[in-house]
Amino acid sequence: MRHIAIIGSGPAGYYSAEAAQKKFGSDVRIDIIDRLPVPFGLIRFGVAPDHQSIKAVSGRYEKVALSENVRFVGNVTVGTDVSVDELQDLYDAVILATGAPNDRKLEIAGGDLPGVFGSAAFVGWYNGHPDFADLEPPLDGRHVVIIGNGNVALDVARILSKTRAEFGGSDIVSHALDRLDASAVEEITILGRRGPHQIAMTPKELGELGHLARATPRVEKDDLPDIGEDALLEPGMRKSVTHLREFAAIPEAYRADKDISINFDFFAAPVAIEGDIKVDRIMVERTRLDEQLRSVGTGETYAIDCSMVISCIGYETPSIDGVPFEHGRGRFANVEGRILPGLYCVGWARRGPSGTIGTNRPDGYTIIDMVADDIGEGEGKTGRPGLDALLETRGVQVVKFSDWKKIEEAETARAREGAPREKFVRIEDMIKAGG
Ligand code: NAP
């Protein structure tokens, strides 16, 4: 019998478990350990609440979770309740599927002023992550600046712009919906330090900005390269840039009917955030591209008055004591996912925060092939009973998958009309509903 511990119950964790089931059949026991009492990581806490079709992939993970040789072990923090060394003694393979839940730091003056948030915090707030339930973003100002030209920047701009009715069918938490509904925001500026041909935004997500009830996107025609240059782009990118061209062509008369303008400010790098006790403005430097398409400051600066700055510049994996870490790249030090024989990482913890949810599937299958090569038939380790005994001596209250189903049922029962679930945002409430 092989015993595998997977740390993290997001997409990378469940795809790895699915791969292990397929590879080893009934000759494997898999424990998926998560620090939170609820499973699915990024699906519950990262994917935008109005993207329910993406969230539906958790149905596939649930099938894996409900099979006999897979177990969810929630409310257990690796590094606090149990160490990686202890897990390695108990399991033939330990796979870190911890994702990249921390914000990449915005290293500019004023980056720590009240009113500056990283996307992990802001997205976590509207998605009901227990760590960010008390965030209280200031939505009483008229201008919000978003830094970054990726899909997270688009998610944040869209969520800030939607009306209550547009959140119908979503699972946005009510504390966020109520605050967003009462928001005074009229302008959202998305800063990109490079140009329209260097965005990391995908066409579907970009296109959504063109169909909002009370908001409309604004792109300056002068920022767009000659249309002939679009032919050199790969097809997905060309579609995204086509959306930007459509946004640039929106007539002023149409804008007049909209309450919120979403401004794309390209060739614009943040250099400082200023304010006496909170954010009052962001200082921005005009940039140009060098021959390697890197952004270079031109020395021309300007200020944008704003009451909140949300930095959407990517994420990092938190390090774990004793596990080799590549600080520059914000991920575990690994070769193709192997940290050392018996210890692996997968998904964003392996390669950094890039790619779609589906990218984690081949990742999971590759890592399990490697595990199979390394561990053979297993070394007669204790696995589950050993972990249970250890956690019991430490008084850790484990949340099982059946408890999660009760939490989910309670959330469904609490739902307001039109919303699939009303999520619990406090760990103690989740545990109570699961008990
Ligand atoms: P991302 O795609 O890596 O984009 C990060 C953006 O931040 C880039 O435009 C980058 O510009 C900019 N940036 C980085 N450091 C900066 C700095 N110091 N100052 C100014 N700008 C800076 O990251 P993300 O948006 O967090 O998304 C993470 C992953 O999740 C991506 O693979 C994304 O596609 C995926 N995702 C997908 C969806 C969806 O499919 N619906 C939704 C959300 C996220 P440079 O290019 O100049 O470095």
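See the structure above.
Just so we're clear, the structure is a prediction, and the values are computed from it rather than from any experiment.

1. Things to note about the sheet that holds strand E9 (residues 215-219)
Okay, step 1: Spatially, E6-E14-E7-E8-E10-E9 is the arrangement adopted by the six strands of the open sheet, whose pairing is parallel. Two strands close off the open sheet at either side, each with one partner strand: strand E6 (116-118) and E9. Geometrically, the sheet is characterised by an average inter-axis angle of 20° between neighbouring strands, direction not taken into account.
Okay, step 2: Across the face of the sheet, helix H10 (residues 235-248) comes into contact with E9 and strand E10 (260-265) while running at roughly 100° to E9.

2. What about the layout of surface pockets?
Okay, step 1: Empty space within the second largest pocket amounts to approximately 240 Å³.
Okay, step 2: For the second largest pocket, the full set of lining residues is Asn 102, Asp 103, Arg 104, Lys 105, Leu 106, Gly 111, Asp 112, Val 116, Phe 117, Gly 118 and Ser 311.
Okay, step 3: Contributing elements (two or more residues each) for the lining of the second largest pocket: strand E5 (102-103) and E6.
Okay, step 4: Of all the elements, E6 adds the most residues to the lining of the second largest pocket, at three residues.
Okay, step 5: By residue class, the composition of the lining of the second largest pocket is three nonpolar, four polar and four charged.

3. Regarding helix H4 (residues 58-65)
Okay, step 1: Of all the positions in H4, only Ser 58, Tyr 61, Glu 62, Val 64 and Ala 65 are classed as buried. One face of H4 carries all of its buried residues, which in axial projection span an arc of 155°.
Okay, step 2: Looking at the buried positions of H4, the neighbouring elements they touch are helix H1 (11-24), helix H2 (42-45), helix H3 (52-55), strand E3 (70-73) and helix H15 (401-414).

4. Considering helix H13 (residues 360-375)
Okay, step 1: With 16 residues, H13 should cover 22 Å at 1.5 Å per step; its first-to-last C-alpha distance of 22 Å lies within 8% of that length.
Okay, step 2: Regarding H13, the residues found buried are Asn 360, Asp 363, Gly 364, Ile 367, Ile 368, Met 370, Val 371, Ala 372 and Ile 375.
Okay, step 3: Here the buried face of H13 lies against strand E1 (2-7), H1, strand E4 (93-96), strand E18 (338-340), strand E19 (343-345) and helix H12 (348-351).
Okay, step 4: A positive phi of about 55° marks Gly 376, the residue just after H13.

5. Observations regarding the packing of aromatic side chains
Okay, step 1: Per the counting criterion, the structure on display carries 13 aromatic pairs.
Okay, step 2: Ring geometry for Phe 122 and Trp 125: centres 5.5 Å apart, planes at 35°, overall tilted. Here Phe 122 pairs with Trp 125, and both are found in helix H6 (residues 119-126), just three residues apart, close to one helical turn.
Okay, step 3: A residue is classified by how much of its surface remains accessible, and Trp 125, at 2% relative accessible area, is buried.
Okay, step 4: Ring geometry for Phe 264 versus Phe 266: centroids 5.9 Å apart, planes at 20°, classification stacked. In this structure, Phe 264 and Phe 266 share a single accessibility class: buried.
Okay, step 5: A network of ring pairs unites the aromatic residues Tyr 14, Tyr 15, Phe 40, Tyr 61, Phe 72, Phe 401 and Trp 404 as a single cluster.
Okay, step 6: For the cation-ring pair, Arg 414 lies above Phe 424, with the distance from its terminal atom to the ring centre recorded as 4.1 Å.

6. So, the pattern of salt bridges
Okay, step 1: By the definition in use, this model includes 39 salt bridges.
Okay, step 2: Among the salt bridges present, the one from Arg 164 reaches Asp 181, with a minimum N-O distance of 3.0 Å. One end of the pair, Arg 164, is in the loop between helix H7 (151-161) and helix H8 (174-181); the other, Asp 181, is in helix H8, and 17 residues separate them in sequence.
Okay, step 3: For Lys 405, the salt bridge identified is with Glu 408, shortest N-O distance 2.5 Å. Placement of both Lys 405 and Glu 408 in helix H15 is noted, with a separation of three residues, approximately one turn of the helix.
Okay, step 4: What makes Glu 408 buried here is its relative accessible area of 18%.

7. A short note on the environment of Gly 355
Okay, step 1: With respect to the element layout, Gly 355 can be found in the loop between H12 and H13.
Okay, step 2: Residue class for Gly 355 comes out exposed when judged on its relative accessible area of 54%.

8. Thoughts on the nonpolar core
Okay, step 1: Core analysis: the largest hydrophobic core is formed by 48 residues, its most contacted members being Tyr 126, Ile 146, Val 156, Leu 160, Leu 244 and Phe 264.
Okay, step 2: Here this core takes six residues from H7, the largest share from any one element.
Okay, step 3: In contact with Leu 160, not counting residues within four places along its chain, are Phe 122, Leu 139, Val 144, Ile 146, Leu 180, Ile 188, Arg 214, Ile 260, Met 308 and Ile 310.
Okay, step 4: Phe 24, Ile 32, Ile 357 and Met 430 belong to the second largest nonpolar core, which has 43 residues in total.

About the cut-offs
Residues numbered from 1 in each chain as written. Predicted model: local features only at pLDDT ≥ 70, side-chain atom pairs only at ≥ 80, totals over all residues. Heavy atoms only, no water. Pairing = 2+ DSSP bridges. Helix = DSSP H or I, 4+ residues; strand = E, 2+ residues; numbered from the N terminus. Axes fitted to C-alpha atoms, helices over the stretch in contact; angles between N-to-C directions. Contact = heavy atoms within 4.5 Å. 1 Å grid on protein atoms, 1.4 Å probe; cavity = no way out; pocket = protein on both sides within 12 Å on 5 of 7 lines; lining within 4 Å. Points joined across faces, edges and corners; volume = space filled by probe spheres on them. Nonpolar A, V, L, I, M, F, W, Y, C, P; charged D, E, K, R; others polar. Buried < 20%, exposed > 50% of the residue type's maximum accessible area, 1.4 Å probe, protein only. Arc of directions from axis to C-beta. Expected span 1.5 Å × (residues − 1). Phe/Tyr/Trp six-rings, centres within 6.5 Å; stacked < 30°, edge-to-face > 60°. Lys NZ or Arg CZ within 6 Å of the ring centre and 35° of its normal. Salt bridge = Lys/Arg side-chain N within 4 Å of Asp/Glu carboxyl O. Core = buried A, V, L, I, M, F, W, Y, C linked by side-chain atoms within 4.5 Å.

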